[in-house]
Amino acid sequence: MIVGRGPSALAALLLLCCYTTHAAAADLADKLRDDSELSQSTAKSFKRLMPVRFYSLLEQNPVANATLSLRSCTIFVPTNEAFQRHKGPTHVLYHITTAAFSKDQLEKTVSSDMEGNPPLYITKSRNGDIYVNNARIIPSLSVELTNREGKRQVMHIIDEVLEPLTALPTAKTEINNLDALQFIQKADQLSVGDNKLRTYRSQLALMKKESLYNAPGAHTFLLPVDEGFKITTRSSLVDGKVIDGHVIPNTVIFTAASQHDEPKTSAAFEDQLKVTVSFFKQKDGKMYVKSNTIVGDAKHPEGVVLSEIVKANIPVKNGVIHLIRRPLMIIDTTVTQFLQSFKFVNDNGENGALRKFLEVIMDSGGAVLDGINNLSEVTILAPSNEAWNTSSIDNIVRDRKRMTDILNMHIIKERLNVEKIRQKNANMIAQVPTVNNRTFLYFNIIGEGADAKITVEGGGVNATILQADVAQTNGYVHIIDHVLGVPHTTVLGKLETDPMMSDTYRMGQFSNFNDQLNNTQRRYTFFVPRDKGWQKTELDYPSAHKKLFMRDFAYHSKYILERHLVIADHVFTMKDLAQMSLTTDNVVLPTFRDSLKMKVTEEAGHLHDEYASHEWTGYVITWNYKKINVYRPDVECTNGIIHVIDYPLLEEKDIVVSGGSYMPESSICIMLANLIMITVAKFLN
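Looking at an unreviewed UniProt entry, one finds the protein named Fasciclin-1 isoform X3, with Drosophila arizonae as its source organism.

What follows is the structure in structure tokens.
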């Protein structure tokens, strides 16, 4: 007996509809929708879940009616919303099993009531959701009861219509409950759209790997379609190891239940060759799969290969099949060819992950692509499609010259994979020149192990690498989440998020100096000492350094920071300051309290770190007879510009330490002047 009027009671009424007469079912469904005792909001929320269409299909199926009337069963009922999304026929019996299973009793596979008893696969996501094939069981809407024959029956509401593997109407032979090998052999007779598997099927037979695909158990099979073999030499690269890399043994992965970017061991995982496979979903909803050859050999180079899933979640007797755009593991295109593959994405492109990036390159005149093509080794930081969807970029795209400069900021003249970034990052935040030697990118690794995140900063923008090490014959592509060089945050926002400026941000927070930096009505030029610069002051002035970061001395910290902040009606780039310095001994810049005097020159040498392996020409500030290297010039923000410098504008005589406290010398002068004025005023009175 069902008691109560909550979701379970409502769902029970739905189940009762399934095995009463058609007229009674209609009456109960009407009663459920029109029940005056239900609140209006409750009625509306459950009307969305009422699978009325599924009930009508049940009533029309005599086998389903007999099962519901006479036998124990489990029935998976799609919501009305699921039906609205579903295209094609609905196979009712594929939603019914011949045994009753609560959610806790569901095993890894259960047999359906469909002809041939094709299995339903039960998986659980990391957050505890239970899936039947690719459909999620909606929590709290499962119902268990006993029918008139005393048979136990269970209903689970699911968010997707279950789709079995079916044959085309023109198929000449009976097809049901195929394994993966039989699927490949009979693919031309199956309902898989326009996708063909003839090339891969030929290579499978040539390499004698049939046993991999008819192996009993529950596996995940990734099958590249013929479209992925338009490069004529590609099929010859599909050897036995590559075929192994397209199978995830002993694990069934449906896309909805897959863990984002969680590597799974492929069948190509041994001492001399190690390949993992993982799934990920873009914001536009497209699903991708990638292979990562961690340990390669002469025929199978290391790196990541991406492929779009063109038809997902095809259940077979021994697992699940996903049809993919191109074969995994094979690296046979240059960076230029890889980018150009997105040109015809709507018709026959390999995938659409970087479609917008290619469009912007071509709209800028194509010279950028020619420049990439002329490089023997190259790494591209490629913004994802979503990264271009901001108004700030829309205004710049029309400016071809500036857009070319921004695109060139994403190009590195060397092969730079994650491992090399880690090596560069061992002693410092890794810095790498772009094709314009005066523009640097700064890489940082946050966290450790599998949870580590790699960020890159260029032109004032911090981006996170979403997909690293997409390997090509002459380099790598890293997909990032922002367009570099197009600022989208204020000076304060940049200070807060940049790992190189955390000490300056912390000092400004407790002194309330940072409050002004969000003001978009002003234009700031901020000389920000990087963290390593503040660390150097600890060696030079240990007592003063300690107090700089103490809240009790916030006034003095604020005063020193104000010296670094130029406020004017426009910003000053390092190029501006260098040109101004050609005509005067000291450039005078307006600060909050006073003025800042400096001279800027360009000099060659190891301007960035003692660990630097190359000499670059960069900017050097001369202030109070001290030379201070500019570590990162021209970090653009929406309300100003930041120049990251190697050392604070600070020197020993600038700080007075006495009795456990200290003051800037100029502050003492101000206090002394005030004291004199008070004394004079008293004398005059």
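Draft legend 1. Region of interest: the pairing of strand E28 (residues 626–637). In this structure, E28 lies alongside strand E29 (residues 640–645), joined through five bridges in antiparallel fashion. Bridge pairing links Cys637 to Gly640 in E29. Between E28 and E29, which follow one another and run antiparallel, lie two residues.

Draft legend 2. Broad picture of the packing of helix H18 (residues 502–510) against helix H21 (residues 554–563). At a minimum axis separation of 8 Å, H18 and H21 run at an interaxial angle of 125°. Taken together, the axes of H18 and H21 are oblique relative to one another. You can see that H18 and H21 cross each other, and the crossing is left-handed. Across the interface between the two elements, Thr504, Met507, Gly508 and Phe510 of H18 pack against Ala554, Ser557 and Leu561 of H21. Its residues assigned to classes, the contact of H18 with H21 shows four nonpolar, three polar and no charged.

Draft legend 3. Highlighting the side chain of His300. Following the sequence through the fold, His300 ends up in the loop between strand E13 (287–295) and strand E14 (303–316). By relative accessible area, which is 5% here, His300 ends up buried. Looking at His300, its side chain comes within polar contact range of the side chain of Asp297, at 2.7 Å. Discounting chain neighbours no more than four positions away, the residues touching His300 are Asp239, Lys241, Val242, Leu273, Thr293 and Met329.

Draft legend 4. Up close: the nonpolar core. Core analysis: the largest hydrophobic core is formed by 50 residues, its most contacted members being Phe526, Phe527, Leu589, Ile621 and Ile642. Once you skip the residues sitting within four places of it in the chain, Ile621 turns out to touch Phe527, Met574, Met598, Lys599, Val600, Lys626, Lys627, Ile628, Val630 and Ile645. Counting residues in hydrophobic clusters, the runner-up holds 34 residues, among them Phe280, Leu339, Ile372 and Val378.

Conventions adopted
- Residues numbered from 1 in each chain as written.
- Predicted model: local features only at pLDDT ≥ 70, side-chain atom pairs only at ≥ 80, totals over all residues.
- Heavy atoms only, no water.
- Pairing = 2+ DSSP bridges.
- Helix = DSSP H or I, 4+ residues; strand = E, 2+ residues; numbered from the N terminus.
- Axes fitted to C-alpha atoms, helices over the stretch in contact; angles between N-to-C directions.
- Parallel < 35°, antiparallel > 145°, perpendicular 65-115°, else oblique.
- Left-handed = near helix turned anticlockwise from the far one by under 90°.
- Contact = heavy atoms within 4.5 Å.
- Nonpolar A, V, L, I, M, F, W, Y, C, P; charged D, E, K, R; others polar.
- Buried < 20%, exposed > 50% of the residue type's maximum accessible area, 1.4 Å probe, protein only.
- Polar contact = N/O pair within 3.5 Å; in protein donor to acceptor, adjacent residues only side chain to side chain.
- Core = buried A, V, L, I, M, F, W, Y, C linked by side-chain atoms within 4.5 Å.

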